[in-house]
There are 2 protein chains.
Amino acid sequence: MGEPRQDRSRATRRRLLDAAVDCLAEVGWTGSTVSVVAERAGVSRGAAQHHFPTREDLFTAAIEHVTDERLAAMRAELPSLPPGLARTEHVVQTIGEMYAGKLFRAALQLWVAAASDEPLRAKVVPLEAHVGREAHRLTVEALGADESRPGVREAVQATLDLARGFGLANLLTDDAKRRHRVLTEWASMLHATLDR
Amino acid sequence: MGEPRQDRSRATRRRLLDAAVDCLAEVGWTGSTVSVVAERAGVSRGAAQHHFPTREDLFTAAIEHVTDERLAAMRAELPSLPPGLARTEHVVQTIGEMYAGKLFRAALQLWVAAASDEPLRAKVVPLEAHVGREAHRLTVEALGADESRPGVREAVQATLDLARGFGLANLLTDDAKRRHRVLTEWASMLHATLDR
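What counts as what
- Residues numbered from 1 in each chain as written.
- Chains lettered and ligands numbered in written order.
- Predicted model: local features only at pLDDT ≥ 70, side-chain atom pairs only at ≥ 80, totals over all residues.
- Heavy atoms only, no water.
- Helix = DSSP H or I, 4+ residues; strand = E, 2+ residues; numbered from the N terminus.
- Buried < 20%, exposed > 50% of the residue type's maximum accessible area, 1.4 Å probe, protein only.
- Lys, Arg positive; Asp, Glu negative; His and termini not counted.
- Charge placed at Lys NZ, Arg CZ, Asp CG, Glu CD.
- UniProt positions renumbered as here; feature names shortened; annotations may be inferred.
- Contact = heavy atoms within 4.5 Å.
- Buried area = accessible area lost by both parts, 1.4 Å probe.
- Salt bridge = Lys/Arg side-chain N within 4 Å of Asp/Glu carboxyl O.
- Polar contact = N/O pair within 3.5 Å; in protein donor to acceptor, adjacent residues only side chain to side chain.

For chain A, an unreviewed UniProt entry supplies the name TetR family transcriptional regulator and the organism Actinokineospora fastidiosa.

On to the overall build of chain A. Looking only at helices and strands, chain A has nine helices and zero strands in total. Across chain A, helices and strands are ordered from the amino to the carboxyl terminus as α-α-α-α-α-α-α-α-α. In chain A, which comprises 196 residues, the share counted as buried stands at 53%. Across chain A, 26 positive and 27 negative side-chain charges occur, with their mean positions spaced 3 Å apart.

The next subject is the UniProt feature "DNA-binding region" (unreviewed entry) in chain A. In this structure's numbering, the residues bearing the UniProt feature "DNA-binding region" (unreviewed entry) are residues 33–52 of chain A. Between the first and last C-alpha atoms of residues 33–52 of chain A the distance is 11 Å; the span itself is 75% helix and 0% strand.

Once that is clear, we can look at the interface of chain B and chain A. At the interface, 40 residues of chain B touch 40 residues of chain A. In total, chain B and chain A occlude about 3600 Å² of area from one another, counting both sides; carbon and sulfur atoms represent 61% of this. Counting across the chain B and chain A interface gives four salt bridges. For Arg178(B), the salt bridge identified is with Asp161(A), shortest N-O distance 2.8 Å. Put simply, chain B and chain A have 13 residue pairs in polar contact (both at pLDDT 80 or more) between them.

Written as structure tokens, this is what we have:
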């Protein structure tokens, strides 16, 4: 008996999280409230507040959920990646695309709002640590990088810092062509470091 | 007779621009208005509005002015830079510091607000192009990079994208130690590319 109700509740939660990411990416933090997201998700305000008592809860949970889901999808693709430089290129371009998309735009709104909002900051700092750790772990695995070799850990981190920089460069204008070109060069520099 | 009045006007303008960057970095776009900045700068609201008719004018002018000033200060240091890898390291770390500071925090607030504010976006896009072009030009000069050699232009661009990524990573927590470590590795990878 409990099972279908749990399923419904999980589906509602899921709709709210997806709508929260869309909302944040489109209208920014100022216009993003639990009510606006509930309406967008077709969920009653009461039900939304049952799942997420505060605005901070809803939006940090949304970024965490969608990021974890995205990283899991990338992890599922790992067995089919080619070897060698082609692998490094694929991984670097895939990460670049990920940070150029809607999820990063939404996260960026949350991060930047948190810079001048202490209660939000208290929730975003641990979320940033979680996302950073998981993205790093997956990148190491995807590249088949041996972090015990000199410079490798730093080069993997640089890949993610670079992707964040590209995400920012893609915020107001379409930067895809330049990004692809620079990341191709970066992949060859990174590959030489992984291999040396 | 006109000279001192012009000087005063220029000093007022300058105080407004500096206060605008401080304000944007501290309280974000939502709390940053011409009135708030005028008060912070000790300038009457009327005088502020004489210099900057709109909020968009004031804050885009502020980011442009302070960036140009910062780049000019970096340019003035170029003759005293050491040669070789030490130069590449110095340039890379200096750019990293620049993007980790108050000016970048202020610019980030403006960029992110522009993502969901069309009139602001129309002003920020040309400003972003100007800042990007000037920062690139100075970096090429500082590194003594020959952009006609394969991969060099992309590696210089990657340096600035990386710096932007570090700026973001430094927004909510102090990331200085990690940044320094990764940029040291980046400098050696970049130097090999400039030199190859």
